[in-house]
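# Observations on the model geometry
The lines below spell out each chain.
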Amino acid sequence: MAVYNHYMLSEEIIRKAPKVELHEHLDGSLRPETIIELGRAQGIPLPADNPEDLAAWFAKGTEEKSLSLYLKAFSVTTALMQDKDSLRRIAREEIEDLASDGVVYAEIRFAPVLHTKQGLTMSEVVEAVLEGIQEGKRETGIEAGVILSAMRNQDPEISLRTAELAVAFAERGVVGFDLAGDESGHPAKKHIKAFEFIRAQNFNITIHAGEAFGLESIWQAIQICGAQRIGHGTRLTDDMKIEDGKIVKMGSLAHFVLDKRIPLEMCLTSNIGTGAVKSYEDHPFPIFYGSSFRVFLSTDNRLMSGTSLTKEFMIASRHYNLGIHDMEKITLNAMKSAFIHHEKRLKLIYDVIKKGYADLRAEYGLS
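As the structure is a computational prediction, the values presented were derived from the model and not from experiment.

### Describing the layout of surface pockets
Quantified by volume, the largest pocket comes out at close to 800 Å³. Taken together, 30 residues make up the lining of the largest pocket; nearest its centre are Leu-71, Phe-74, Met-151, Gly-181 and Asp-182. Among the elements that make up the lining of the largest pocket, the one with the highest residue count is helix α5 (residues 67-79) (6 residues). Of the residues in the lining of the largest pocket, the class split is 11 nonpolar, 12 polar and 7 charged. Put simply, the second largest pocket is a space of about 690 Å³. Along the wall of the second largest pocket there are 35 residues; nearest its centre are Val-175, Phe-339, Ile-340, His-341 and Lys-344. Elements that contribute at least two residues to the lining of the second largest pocket include exactly α7 (122-140), β3 (143-151), β4 (174-180) and α17 (342-364).

Okay, here's the thing in structure tokens:
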């Protein structure tokens, strides 16, 4: 039997490996074919009329490292997501696509208020998405939850309503609350009422921070708003002295994140496409991982970044020499950080993830 080392992990092996996706936006992960069908049905003009060209248009922002182009693409997808049937379909297809990529557990996030432009209430939006998620779960057998996002640039009262909605749907599949959007000029503390409500209800918080703004954003997310996970967090390196790819000194915030095992949701391709990081070589993921921070890989927006979780692990394997042991450890980091109850996490860890990697090693003779 052939013995593979970490330089030889193929796309087939990586795709088969159990994976966990905790940072993916629903409006950033539509199928190009679905966009075309919905665009025609709704009479919404699109930048291209075939799946290949359309996919290329959506990924243009990432390829050109243009944040304005990257964000412009969301105006197209959200325009198509203003009725129950479309939301339900897109959510179901999201789970199907993740399952086909080897994902065994996922948390999908979206901002309900962005889908109310044609009369749906935020509650109706959430109901439609949850129905689609449940359909996808029944079809594929994978587990999944929903995270409701508020937007930094919007009225804090909308954030509070979103937080209340998240808790109201906690028994129906919503597992957490998120704050997304432009960090610059829109501090998380402006939305403190929403976070105080979530914390009083013993619920879960993740916040986009340290992607386009520095340490203040990360500190505020954790210490003022109570984030249990950080989306991106690449600028945590501002609190470190790094030499030859290794951390030689850390400030109090970096130590706190490490000591308290605060998870960092890392999105390699997305961070480069939005200009948060210059290149894969410059990305702090391998530094964090090598220093035992609780990091894991996510896609952020599969459509806009032209990626998948398999591709993200392939990139990590090629650029950072990660092997099957590393892939399993990163996946376990993600599963340990999931916003579901402890007993469910344990069941997925031992019955699905660890078993899946053991089976994979046996099948391919992985050392």
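### Regarding the pairing of strand β7 (residues 240-243)
Inspection of the sheet shows β7 paired to strand β8 (residues 246-250) by 4 bridges, in the antiparallel sense. Paired with Ile-242 across the strands is Ile-247, a residue of β8. Joining the antiparallel neighbours β7 and β8 is a turn of 2 residues, in which Asp-244 adopts a positive phi near 50 degrees.

### Thoughts on the packing of aromatic side chains
By the definition in use, this model includes 6 aromatic pairs. Centre to centre, the rings of Phe-285 and Tyr-289 are 5.9 Å apart; their planes meet at 10 degrees, and the pair counts as stacked. With Phe-285 and Tyr-289 both in helix α13 (residues 285-290) and 4 residues apart, the pair spans about one turn of that helix. Assigned by exposure class, Phe-285 and Tyr-289 land together as buried. A centroid spacing of 5.9 Å and a plane angle of 45 degrees characterise the contact between Phe-285 and Tyr-320, whose relative ring orientation is tilted. One end of the pair, Phe-285, is in helix α13; the other, Tyr-320, is in helix α15 (residues 309-320), with 35 residues separating them in the sequence. Both residues of the pair, Phe-285 and Tyr-320, belong to the buried class. Ring pairing ties together the aromatic residues Phe-285, Tyr-289 and Tyr-320, which thus form one cluster. The lysine or arginine in question, Arg-229, covers the ring of Phe-339, its NZ or CZ lying 4.0 Å from the ring centre.

### Section: the nonpolar core
Counting residues in hydrophobic clusters, the biggest one holds 116 residues, and the most contacted among them are Val-174, Ile-207, Leu-236, Leu-264, Phe-285, Phe-293 and Met-335. Looking at this core, the element that brings in the most residues is α7, giving 7 residues. The residues touching Met-335, leaving out its near neighbours within four places in the chain, are Val-20, Tyr-105, Ile-340, Arg-345, Leu-348, Ile-349 and Ile-353.

### A word on the sheet that holds strand β1 (residues 19-25)
Taken in spatial order, the 8 strands of this open sheet run β1-β2-β3-β4-β5-β6-β9-β10, and their pairing is parallel. In the strand order of this sheet, the two ends are held by β1 and β10 (295-297), each with one partner. Pairwise comparison of adjacent strand axes, ignoring direction, gives a mean angle of 25 degrees for this sheet. Here strand β9 (residues 264-266) runs beside β10; their pairing, made up of 3 bridges, is parallel. Residue pairing for β10: Glu-265 is matched across the bridge by Phe-296. This element, helix α8 (residues 156-168), spans β3 and β4 of the sheet and lies at about 160 degrees to β3.

The rules behind the values
Residues numbered from 1 in each chain as written. Predicted model: local features only at pLDDT ≥ 70, side-chain atom pairs only at ≥ 80, totals over all residues. Heavy atoms only, no water. 1 Å grid on protein atoms, 1.4 Å probe; cavity = no way out; pocket = protein on both sides within 12 Å on 5 of 7 lines; lining within 4 Å. Points joined across faces, edges and corners; volume = space filled by probe spheres on them. Helix = DSSP H or I, 4+ residues; strand = E, 2+ residues; numbered from the N terminus. Nonpolar A, V, L, I, M, F, W, Y, C, P; charged D, E, K, R; others polar. Pairing = 2+ DSSP bridges. Phe/Tyr/Trp six-rings, centres within 6.5 Å; stacked < 30°, edge-to-face > 60°. Buried < 20%, exposed > 50% of the residue type's maximum accessible area, 1.4 Å probe, protein only. Lys NZ or Arg CZ within 6 Å of the ring centre and 35° of its normal. Core = buried A, V, L, I, M, F, W, Y, C linked by side-chain atoms within 4.5 Å. Contact = heavy atoms within 4.5 Å. Axes fitted to C-alpha atoms, helices over the stretch in contact; angles between N-to-C directions.

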